[in-house]
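Each chain is listed here by its residues.
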Amino acid sequence: MTVVERREVALVDLLDRLLAGGVVITGDITLRIADVDLVRIDLNALISSVNEQVPSPWGESL
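Residues numbered from 1 in each chain as written. Predicted model: local features only at pLDDT ≥ 70, side-chain atom pairs only at ≥ 80, totals over all residues. Heavy atoms only, no water.

- The name given to the protein in an unreviewed UniProt entry is Gas vesicle protein, and the organism recorded there is Streptomyces rishiriensis.

In structure tokens, the structure reads:
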């Protein structure tokens with residue numbers, strides 16, 4: 001094992017790194033019985049932090 005493989009990262013540090021750059025989550029779930037689609041769920045989400053360099057899209061109201 002190399003030093004990089006043994007390195008531990010705290011969950012808070014990992015979330016900070018992900019939110020600093022932004023994360024896009026996408027997924028599809030389909031519930032099907034006998035080749036008949038009963039329920040379909042599409043998920044598209046963008047998770048990002050907001051600061052002075054990246055302002056909120058809703059302005060100063062929040």
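## What to know about a nonpolar patch on the surface
And then number 1: On the surface, a cluster of nonpolar side chains totalling about 730 Å² of accessible area is made up of Val9, Leu11, Leu14, Leu15, Leu18, Leu19, Ile25, Leu43 and Ile47.
And then number 2: Taken together, the elements giving at least two residues each to the nonpolar patch come down to α2 (11–21) and β2 (36–47).
And then number 3: Broken down by element, the residue count for the nonpolar patch peaks at five residues, all from α2.
And then number 4: Within the secondary structure layout, Leu11 lies in helix α2.
And then number 5: By relative accessible area, which is 59% here, Leu11 ends up exposed. (Patch = residues over 30% accessible without salt bridge, like charges linked within 9 Å, V, L, I, M, F, W, Y side chains within 5 Å. Areas by Shrake-Rupley, 256 points an atom, 1.4 Å probe, with all protein chains shown as cover. Salt bridge = Lys/Arg side-chain N within 4 Å of Asp/Glu carboxyl O. Helix = DSSP H or I, 4+ residues; strand = E, 2+ residues; numbered from the N terminus. Buried < 20%, exposed > 50% of the residue type's maximum accessible area, 1.4 Å probe, protein only.)

## A short note on the pattern of salt bridges
And then number 1: Summed over the entire model, instances satisfying the criterion amount to two salt bridges.
And then number 2: Between Asp37 and Arg32 there is a salt bridge whose closest N-O contact spans 2.8 Å.
And then number 3: Of the charged contacts, one joins Arg40 and Asp42 as a salt bridge, the two residues approaching to 3.3 Å between their closest N and O atoms.
And then number 4: Classification of Arg40 by relative accessible area gives exposed; the value is 58%.

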